[in-house]
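As a plain string of letters, each chain reads:
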Amino acid sequence: MQNKIAILFIFFTFIFQPGFSEDGYQLWLRYNQIDDESLLNSYKAAISGYHLEGNSRTNEVIKKELSAALSGLFGENVSELSSTSANGLVIIGTPANSSFISANIDKTSLNALGEEGYLIQSIKKGKNKQIVIAANKDIGCLYGTFHFIKLLQTHQNIDDLDIQTAPKVNIRILNHWDNLDRTVERGYAGFSIWDWHRLPDYIDPRYIDYARANASIGINGTVLTNVNANALVLTPSYLEKVKVLADLFRPYGLKVYLTARFSAPIEIGGLETADPLKPDVQNWWNEKVKEIYNYVPDFGGFLVKANSEGQPGPQNYDRTHVDGANMLADALKPFNGIVMWRAFVYSDEEPVDRAKQAYNEFKPYDGNFRDNVMVQVKNGAIDFQPREPFHPLFGAMPQTPLMMEFQITQEYLGQATNLAYLSSMYKECLDSDTYAKGKGSTVAKVVDGSLDNHKLSGIAGVSNIGNDRNWTGHTFGQSNWYAFGRLTWNHELSSEQIADEWIRMTFSNDEDVVQPIKDMMLASHEIVVKYMTPLGLHHMMGGDHHYGPAPWIKDMPRADWTSVYYHKADSNGIGFDRTETGSNAIEQYFPEVRKMFGSVDLCPDKYLLWFHHLPWDYKMRSGNSLWDELCYEYYKGADSVGWMQDQWHSVKGKIDQERYDRVDMLLTIQQKEAIWWRNSCLLYFQTFSNKPIPKSLEKPEMDLNYYMNLSFPYAPGIRPRW
Ligand code: BDP
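Summary of the structure given here.

**Quick word on the overall build of the chain**
Link 1 in the chain: A tally of helices and strands in the chain yields 23 helices and 15 strands.
Link 2 in the chain: Taken against the 2.2 N^0.38 rule, which gives 27 Å for 722 residues, the C-alpha radius of gyration of the chain at 26 Å falls within 12% of a compact globule.
Link 3 in the chain: Its C-alpha atoms give the chain principal-axis dimensions of about 80 × 65 × 50 Å.
Link 4 in the chain: When burial is assessed residue by residue, the chain has 64% of its 722 residues classed as buried.
Link 5 in the chain: Here the contacts in the chain between residues at least 6 apart in sequence split such that 73% fall between residues at least 24 apart.

This is the structure in structure tokens:
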């Protein structure tokens, strides 16, 4: 195995030589030679080489990365030097492995940075000026190295560096909804990158590049398998494969986790029950967990979807989520493993309002979970809709560490074809004020553990990665992976700063490229929301595959899988009344929030129809009637895609043709799809409002029947009905 890994390292140094084709494979880790000559010369004058002590595998990785980056960016070899006395050295290390660092870096500031934090400082010693990247652990040095490389990639001034940073959240993790047959549930970038069939012997070089990319943005965990879990992954032949991935990822600080199918004791253990209170079931899990740790000594733990959408769980045995989660937590505890128990549940009976279920089921359990259980909550109470108000569970379970679950894959946001920069959506949720402990109790503070003093904290993102050459299908899907990672490290970063970094590293530092792309990215989420689900509408996508508009869906096995259940359009008006006169879901929020969402006058327009059912001629803040406003929003959204195309066209010739063309074609598709959403939704709602589309707006080219009859049996990412 060691040999194989060595070969891989050589391979990856080879692929990351500059001049490699711009097919998107390199993500933001592009080390093409710096094209600004005077800047390049100033960097060359400041950096003569690097020095690193210690020979851990993480240190090997640091050397490879730094040498590939510096040689690429400088267009010439930059060497590793054995002494620390030269001018212009980049010195990397921990107080434990470097006497230079222990002598020159203030221990108190370093201690405050914890296990993963790092500092980057310019140090003057006599005639010498050096740059130090220091951390308490090797992994901090790797994170710091990536940060330092980013400074060069984004053309920052490195004269007087003084950077100190540590992650605000402990578990920064991707959730792959990848199946063992390599299909990816809600995946739009090809098949799974895990080549299970050829593992453990065949090691795809992508595994290393995947780990590099994650480490470069501080992601430190990965759940390899789908939440709709398959127990087979817990059998020895799969655990051998899991072990290989875990061994490869370890030097990059990336821990492996698996999804645990609750009925595994029956399916692969031969037991008759999976009842969590039965000693033989508990015993089976204890033994299984021990076995997993034999393969993967630093295994992270389990992610569990139980009693949701047909998945088995403790309720099958009249037990509770607490019984189920605690049983697994007890098995994992001796090894420091954790359970991420999902709150995305909904009962078999059709509810009056699905938005209320997770809160109703989980809040009463606050305080009953073991200390190695986290409850993983989606950002909103329904299901990753283009826009949702924050989930009322945030702030409502102070004794339980709540983990945030975002969706990076664009299941409901245009899938493989639409450009939507999701940092804006993540931030909107994280910055929301729950008022749990008065003003300023933001979702971010609940999640990072600071509001309730939790040691454990985490943010999960449902991955958008597949085996497409460019990883994410749409080039701009890469920006969502990137932004997710950056925000898990520091949720205080602005979407603008994250976009700025990503564009510079991914495309160019030319301001005429950075500015138009940034403007487009920052506006994109709002634009998509406007042409899909404006003014708080939600859940109006095509059935099963979730591709495209279908506000007319009314016949499904469950009412809460239909669209009509959510928009409730009728001749009187539109919207879901979640106030006291309706489902009263607003009651689940703290009084200040309840008051805002519950009042039509205070509720922001963007959430209006989420919380209120209003007449078609309801007078909006703008002075328009609700119907006219809805029309204007849909048209504004669809027209703005034309503006996005203009922004993109302005960078033609300033970036490589390959990626330019790809995005250009996708924007053309996005434009068509935006008009499709607009026309379908407005023509359909018009059958209730009986009002004309305002004269100033062009008429939809087709009739409603046409849109209702479109069918997409092979849309990607679909999953079988269980
Ligand atoms: C829904 C997806 C479904 C997932 C489910 C979940 O359509 O494929 O299994 O979320 O999060 O949005 O469990």
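**Some words on helix 11 (residues 321-332)**
Link 1 in the chain: With twelve residues, helix 11 extends 17 Å from end C-alpha to end C-alpha; this agrees with the ideal 16 Å at 1.5 Å per step.
Link 2 in the chain: Among the twelve residues in helix 11, ten count as buried, and that is most of the element.
Link 3 in the chain: Those residues of helix 11 not exposed but buried are H321, V322, G324, A325, N326, M327, L328, A329, A331 and L332.
Link 4 in the chain: Elements in contact with the buried residues of helix 11: helix 10 (279-295), strand 9 (301-304), strand 10 (338-342), helix 12 (357-362) and strand 11 (373-378).

**Here's the deal with the pattern of salt bridges**
Link 1 in the chain: On inspection of all chains with the given rule, the structure shows 45 salt bridges.
Link 2 in the chain: Note that R182 and D195 form a salt bridge whose closest N and O atoms lie 3.3 Å from each other. Within this pair, whereas R182 is found in the loop between strand 6 (171-175) and helix 7 (206-216), its partner D195 is found in the loop between strand 6 and helix 7, the two being separated by 13 residues in sequence.
Link 3 in the chain: On the basis of relative accessible area, D195 is assigned to the buried category, the value being 4%.
Link 4 in the chain: Among the salt bridges present, the one from K427 reaches D431, with a minimum N-O distance of 4.0 Å.
Link 5 in the chain: Salt bridges here are not isolated pairs; linked through shared partners, they connect E496, D500, R504, E511 and K518.

**Here's the deal with the site of the ligand**
Link 1 in the chain: Lining the immediate environment of the ligand, one finds 15 residues, of which E185, K305, R342, K378 and E411 sit closest.
Link 2 in the chain: At 2.4 Å, a side-chain N or O of E185 approaches an oxygen atom of the ligand.
Link 3 in the chain: With respect to the ligand, the side chain of D383 contributes an N or O atom lying 2.7 Å from an oxygen atom.
Link 4 in the chain: Summarising the interface, the protein chains cover 99% of the accessible area of the ligand, which totals 320 Å² for the free molecule.
Link 5 in the chain: In terms of residue class, the shell around the ligand is built from four nonpolar, two polar and nine charged.

**Regarding the environment of E673**
Link 1 in the chain: One can find E673 in helix 22 (residues 657-689).
Link 2 in the chain: In this structure the C-alpha to C-alpha distance between E673 and T417, which are 256 residues apart in sequence, comes to 8.8 Å.
Link 3 in the chain: With near-sequence residues (within four places) excluded, E673 lies in contact with T417, N418 and Y547.
Link 4 in the chain: A polar atom in the side chain of E673 sits 2.5 Å from the side chain of Y547.

**Thoughts on the nonpolar core**
Soluble globular proteins: nonpolar side chains tend toward being buried together.
Link 1 in the chain: Core analysis: the biggest nonpolar cluster contains 231 residues, and F148, F249, W285, F302, W481, W648 and F685 have the highest contact counts within it.
Link 2 in the chain: It is helix 22 that provides the largest number of residues to this core, a total of eleven residues.
Link 3 in the chain: When residues no more than four places from it in sequence are discounted, the contact partners of W648 are F476, F507, I517, M520, I655, R659, Y660, V663, D664 and L667.
Link 4 in the chain: Membership of the second largest hydrophobic core comes to eleven residues, among which are F100, I101, L119 and I123.

**A few points about the side chain of D448**
Link 1 in the chain: In this fold, D448 is placed in the loop between helix 14 (443-447) and strand 13 (458-462).
Link 2 in the chain: In this structure the side chain of D448 is engaged in a polar contact, spanning 2.6 Å, whose partner is the side chain of S450.
Link 3 in the chain: Only 2.8 Å separates the side chain of D448 from the side chain of H491, close enough to count as a polar contact.
Link 4 in the chain: Setting aside residues no more than four positions away along its own chain, D448 makes contact with K168, V169, S457 and H491.

**What about the packing of aromatic side chains?**
Link 1 in the chain: In the structure shown here, the tally under the stated rule is 44 aromatic pairs.
Link 2 in the chain: Ring centres of Y706 and Y707 lie 5.1 Å apart, and the angle between their planes is 80°; this geometry places the pair in the edge-to-face category.
Link 3 in the chain: Through a chain of ring-to-ring contacts, three or more aromatic side chains come together here, namely Y25, W28, W194, Y207, Y210, F249, W471, W481 and Y482.
Link 4 in the chain: Its guanidinium or amino end placed over the ring of W471, R206 lies 4.5 Å from that ring's centre, counting from NZ or CZ.
Link 5 in the chain: The side chain of K568 reaches across the aromatic face of Y565, ending 4.7 Å from its centre.

**Section: unusual backbone geometry**
Link 1 in the chain: Along the chain, L199 connects to P200 via a cis peptide bond; the corresponding omega equals 5°.
Link 2 in the chain: With respect to the helices and strands, P200 occurs in the loop between strand 6 and helix 7.
Link 3 in the chain: A positive phi angle is found at H155, which is not glycine, with a value near 60°.
Link 4 in the chain: Assignment of secondary structure puts H155 in the loop between helix 6 (138-153) and strand 5 (162-165).
Link 5 in the chain: Classification of H155 as partly exposed rests on a relative accessible area of 22%.
Link 6 in the chain: The phi dihedral of E309 is positive, around 50°, even though this residue is not glycine.
Link 7 in the chain: Along the chain, E309 turns up in the loop between strand 9 and helix 11.

**So, a negative patch on the surface**
Link 1 in the chain: On the surface, a cluster of negative charge is made up of D35, D36, E37, D510 and D512.
Link 2 in the chain: The exposure class assigned to D35 is exposed, which follows from its relative accessible area of 70%.

**What about the sheet that holds strand 11?**
Link 1 in the chain: In space, the eight strands of this closed barrel follow the order 6-7-8-9-10-11-12-13, with parallel pairing throughout. The sheet shows a mean angle of 25° between the axes of neighbouring strands, taken without regard to direction.
Link 2 in the chain: In this structure, strand 12 (residues 402-407) lies alongside strand 13, joined through four bridges in parallel fashion. Of the residues in strand 13, the one forming a bridge with M404 is I459.

**Digging into the sheet that holds strand 2 (residues 89-93)**
Link 1 in the chain: What the five strands build is an open sheet, ordered 1-2-4-3-5; its pairing is mixed. Each edge of the open sheet carries a strand with a single partner, namely strand 1 (49-52) and strand 5. Put simply, the sheet's adjacent strands are angled 20° from each other on average, direction ignored.
Link 2 in the chain: Pairing of strand 1 with strand 2 involves four bridges; the strand directions are parallel. Bridge assignment links L52 to a residue of strand 2, and that residue is I92.
Link 3 in the chain: Each of strand 1 and strand 2 is contacted by helix 3 (residues 57-74), which is oriented at about 175° to strand 1, the strand it contacts most.

**Here we look at the state of the cysteines**
Link 1 in the chain: Evaluation of the coordinates by the stated rule reveals zero disulfides.
Link 2 in the chain: The closest cysteine sulfur to the non-disulfide-bonded C429 is located on C603, 16 Å from its own sulfur.

Rules of the game
- Position numbers for residues count from 1 along each chain, tracking the sequence in the order it is written.
- Only residues with pLDDT of 70 or above have their local features reported here, since the model is predicted, and side-chain atom pairs are shown and tallied only from 80 upward, although totals for entire chains, interfaces and linings are computed over all residues.
- Heavy atoms from the whole structure form the basis of all side-chain values; hydrogens and water molecules are not counted.
- Counting from the N terminus, the helices are the DSSP runs of H or I reaching at least four residues and the strands are the DSSP runs of E reaching at least two.
- Radius of gyration means the value over C-alpha atoms here, while the globule rule gives 2.2 Å times the residue count to the 0.38 power.
- In this scheme, a residue with accessible area under 20% of its type's maximum is buried, one over 50% is exposed, and one in between is partly exposed, where area comes from a 1.4 Å probe on protein chains only.
- Note on contacts: a residue pair qualifies if any of its non-hydrogen atoms lie within 4.5 Å across the two residues.
- Under the convention used throughout, the expected extent of a helix is 1.5 Å for every residue step, that is, one less than its residue count.
- A pairing counts as a salt bridge when a side-chain nitrogen of Lys or Arg comes within 4 Å of a carboxyl oxygen of Asp or Glu.
- Any residue with a heavy atom positioned within 4 Å of a molecule or strand is treated as near that molecule or strand.
- Throughout this description, a polar contact denotes any pair of N or O atoms lying within 3.5 Å of each other; where both atoms belong to protein, one of them has to be capable of donating a hydrogen while the other can accept it, and for residues adjacent in sequence the pair is counted only when both atoms sit in side chains.
- The accessible surface values rely on the Shrake-Rupley method and a 1.4 Å probe; as for residues, cover is taken only from the protein chains in view.
- Following the grouping adopted for this structure description, the nonpolar residues are Ala, Val, Leu, Ile, Met, Phe, Trp, Tyr, Cys and Pro, the charged ones are Asp, Glu, Lys and Arg, and the polar ones are all others, Gly among them.
- The term nonpolar core refers to a set of buried residues drawn from Ala, Val, Leu, Ile, Met, Phe, Trp, Tyr and Cys, joined through side-chain atoms within 4.5 Å.
- Here a Phe, Tyr or Trp ring, Trp counted by its six-membered ring, pairs with any other such ring whose centre lies within 6.5 Å, and the pair is stacked when the planes are under 30 degrees apart, edge-to-face when over 60, and tilted otherwise.
- Throughout this description, the term charge over a ring refers to an Arg CZ or Lys NZ atom that lies within 6 Å of the ring centre and within 35 degrees of the ring normal.
- In this scheme, patches are assembled from residues that exceed 30% relative accessible area and form no salt bridge. Like charges are connected within 9 Å, while nonpolar side chains (Val, Leu, Ile, Met, Phe, Trp, Tyr) are connected within 5 Å.
- His is not counted here, nor are the chain ends, while Lys and Arg score as positive and Asp and Glu score as negative.
- The atom standing in for a charge is NZ when the residue is Lys, CZ when it is Arg, CG when it is Asp and CD when it is Glu.
- Should DSSP find at least two bridges between two strands, the strands are taken to pair.
- Every axis in this analysis is a line fitted to C-alpha atoms, fitted for helices over the stretch in contact. Angles between the N-to-C directions lie between 0 and 180 degrees.
- By definition, disulfides here are pairs of cysteine sulfur atoms that lie within 2.5 Å.

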